[in-house]
Structure formats: structure tokens, C-alpha cells
Amino acid sequence: MKEAIKQFVVENLGFLPQEVIVVIVSALPILELRGGLPLAYTFDFPFLKALFLSLLGNTLPIIPLLLLFQPLSNWLMRFNWYKRFYDWLYHRTLSKSKNVEKYGAIGLILFTAVPLPTTGAYSACVAAALFAIRFKYAFLSILTGVVIAGLGVGIAMYSIF
């Protein structure tokens with residue numbers, strides 16, 4: 001599915017500069033920088049440029065998600081379809097975020113830094129909201145985790161290939 005999304009974005013946004021495409025792909029849920037860095041590599045970007053663009057894209061949604069997720073969820077809870085989705089998301093996030101629950105903001109860094117499916121900035125923002133981690137700590141923790149994940153994926157990507 002990741003490849004299909006990435007291919008769709010590249011084909012339909014081909015009129016944009018490659019740098020902007022990498023930022024957009026890195027800002028998308030599911031793909032995040034784990035999709036943006038490999039894409040930057042295929043565009044033959046140097047490591048630091050690829051890392052910067054991917055980090056930029058993956059960081060863009062963090063502040064709006066942290067600020068808006070809980071108020072928007074509270075408003076949408078009056079709809080049954082959203083309540084079902086929220087319950088599913090809540091249970092899924094709880095099952096994936098034992099470290100966040102146990103260690104708070106430090107656990108959020110670990111949760112975000114592990115480059116596995118469903119453990120990126122989007123899921124970390126949801127976990128921060130569900131565990132009521134203050135904005136400042138959540139933002140810094142998620143940002144730190146994104147940088148660690150970016151360095152890990154980027155170094156692996158650029159040293160292996």
C-alpha cells in the first residue's frame with residue numbers, strides 16, 4: 001500500500017519540484033519520512049538534503065495534530081461513526097504504546113523513533129493526546145523521535161544502497 005500511495009503522489013504531483021514532492025510524501029500519514037527518504041534517494045538527493053526535506057515534511061503535521069486532535073475528537077464524538085473509529089483508534093494505540101503509558105514523554109520518543117509501521121509522528125500525536133502529555137513535552141518528544149528515526153532510516157538507506 002505504501003508503494004501505491006507513493007507512486008500515486010509522484011505521478012500526480014510530477015509538475016512540482018522534486019523537493020516539494022519529498023516534503024509532501026514525508027507529511028502524509030502512513031508514509032511519513034519512511035517514505036520520503038527512500039523517495040529522495042531515488043531522486044539522487046544527497047543524504048543531508050534528503051534528511052532535511054523528510055524531517056521538514058514529517059514535522060509539519062505535528063503541531064496541528066497535537067493542538068487539534070482532542071478538541072476535534074470531542075466535537076466529533078456525537079457521531080456514532082466517529083465514536084466507533086475513535087474507540088478502535090484508542091484501543092489500537094493503547095496496544096502499541098506501552099512505553100508511552102509507562103514512561104510518558106520519554107516513551108513517546110521511543111515510540112516515534114522505532115521505524116516500524118504505525119509508530120510514526122501521527123500515531124505518537126494520538127498517543128500524546130490519549131495519555132494527556134502536555135504540548136511542550138509531546139512536541140519535543142515526537143520531534144526527537146522523528147529525528148532519530150530519520151537518522152536511522154537515512155543512514156541505513158544511504159549506506160546500504
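Only a predicted model underlies this, so the values are computations on that prediction, with no experimental measurement involved.

A. Quick look at unusual backbone geometry. With a phi close to 45 degrees, Glu32 is a non-glycine residue in the positive phi region. Looking at the secondary structure, you find Glu32 in helix H3 (residues 32-42). On the basis of relative accessibility, which here comes to 5%, the residue Glu32 falls in the buried class. The phi dihedral of Ala132 falls on the positive side, at around 55 degrees, and the residue is not glycine. Tracing the sequence through the fold places Ala132 in the loop between helix H9 (121-130) and helix H10 (135-160). Of the residues examined, Ala132 reaches a relative accessible area of 65% and is grouped as exposed.

B. View of the packing of aromatic side chains. The tally for this structure, following the rule as stated, stands at 12 aromatic pairs. Relative to Phe45, the ring of Phe43 lies with its centre 5.8 Å away and its plane at 55 degrees, an arrangement referred to as tilted. For the residue pair Phe43 and Phe45, the accessibility class agrees, reading buried in each case. Judged by centre distance (5.9 Å) and plane angle (70 degrees), the ring pair of Trp75 and Phe79 falls under edge-to-face. Three or more aromatic residues joined by ring pairs make a cluster, and in this case those are Phe69, Trp75, Phe79, Trp81, Tyr82, Phe85, Tyr86, Trp88 and Tyr90. The side chain of Lys49 reaches across the aromatic face of Phe45, ending 4.4 Å from its centre.

C. Highlighting a nonpolar patch on the surface. The grouping of Ile63, Leu67, Leu68 and Phe135 at the surface amounts to a nonpolar patch, some 360 Å² of accessible area in total. The element best represented in the nonpolar patch is helix H5 (residues 62-76), accounting for 3 residues. Assignment of secondary structure puts Ile63 in helix H5.

D. Region of the structure containing the nonpolar core. Within the largest apolar cluster, 32 residues are counted, with the highest numbers of intra-cluster contacts made by Val22, Phe45, Ile62, Leu66, Leu108, Ile142 and Val146. If you look at the next biggest cluster of nonpolar residues, it comprises 7 residues, including Phe69, Leu76, Tyr82 and Leu130.

E. Looking closely at the confidence of the model for the protein. Overall, the prediction assigns the protein a mean pLDDT of 89, with 98% of residues at 70 or greater. Here helix H1 (residues 2-12) stands out as the element of the protein with the lowest mean pLDDT, 77, in contrast to helix H4 (residues 47-59), whose mean of 97 is the highest.

F. Quick look at the packing of H5 against helix H6 (residues 80-96). Running from amino to carboxyl end, H5 crosses H6 at an angle of 135 degrees, the nearest separation of the two axes being 9 Å. Looking at the two axes, H5 sits oblique to H6. Judged by the sense of rotation from one axis to the other, the crossing of H5 with H6 is left-handed. Each of Phe69, Gln70, Ser73 and Leu76 in H5 lies in contact with H6, whose residues at this interface are Tyr82, Tyr86 and Leu89. Here the residues of the contact of H5 with H6 are counted per class, giving 5 nonpolar, 2 polar and no charged.

Rules used throughout
Along each chain, numbering runs from 1 in the same order as the chain's sequence is written. Local features in a predicted model are, by the rule used here, given only for residues with pLDDT of at least 70; side-chain atom pairs are given and counted only at 80 or more, and totals for whole chains, interfaces and linings are based on all residues. Based on all heavy atoms of the structure, the side-chain values leave hydrogens and waters out of the count. Secondary structure is summarised from DSSP: a helix means a run of H or I of at least four residues, a strand means a run of E of at least two, and numbering begins at the N terminus for each. Whether a residue is buried, partly exposed or exposed follows from its accessible area with a 1.4 Å probe, protein chains only, as a fraction of its type maximum: under 20%, in between, or over 50%, in that order. Any pair of Phe, Tyr and Trp rings, taking the six-membered ring for Trp, is counted once the centres come within 6.5 Å. Such a pair is stacked with planes under 30 degrees apart, edge-to-face with planes over 60 apart, and tilted for the rest. When the NZ atom of lysine or the CZ atom of arginine is within 6 Å of a ring's centre and also within 35 degrees of its normal, the charge is said to sit over that ring. To count toward a patch, a residue needs a relative accessible area over 30% and no salt bridge; like charges are then connected within 9 Å, while nonpolar side chains (Val, Leu, Ile, Met, Phe, Trp, Tyr) are connected within 5 Å. Methods summary: accessible areas were calculated by the Shrake-Rupley approach with a probe of 1.4 Å, and residue burial reflects only the protein chains presented. Each salt bridge in this description consists of a side-chain nitrogen of Lys or Arg and a carboxyl oxygen of Asp or Glu lying within 4 Å of one another. Definition used in this section: a nonpolar core is a set of buried Ala, Val, Leu, Ile, Met, Phe, Trp, Tyr and Cys residues joined via side-chain atoms within 4.5 Å. The pLDDT score gives, residue by residue, the confidence of the prediction method on a 0 to 100 scale. Comment: axis = line fitted to C-alpha atoms, over the contacting stretch for helices; angle = value between 0 and 180 degrees taken between N-to-C directions. Roughly parallel here means an angle under 35 degrees, roughly antiparallel means over 145, roughly perpendicular means 65 to 115, and every remaining angle is called oblique. The sense of a crossing depends on the near helix, which, turned anticlockwise from the far helix by less than a right angle, makes the crossing left-handed and, turned clockwise, makes it right-handed. By definition in these notes, contact holds between two residues if any of their heavy atoms fall within 4.5 Å. Each residue receives one of three labels: charged for Asp, Glu, Lys and Arg, nonpolar for Ala, Val, Leu, Ile, Met, Phe, Trp, Tyr, Cys and Pro, and polar for the others, Gly being one of them.

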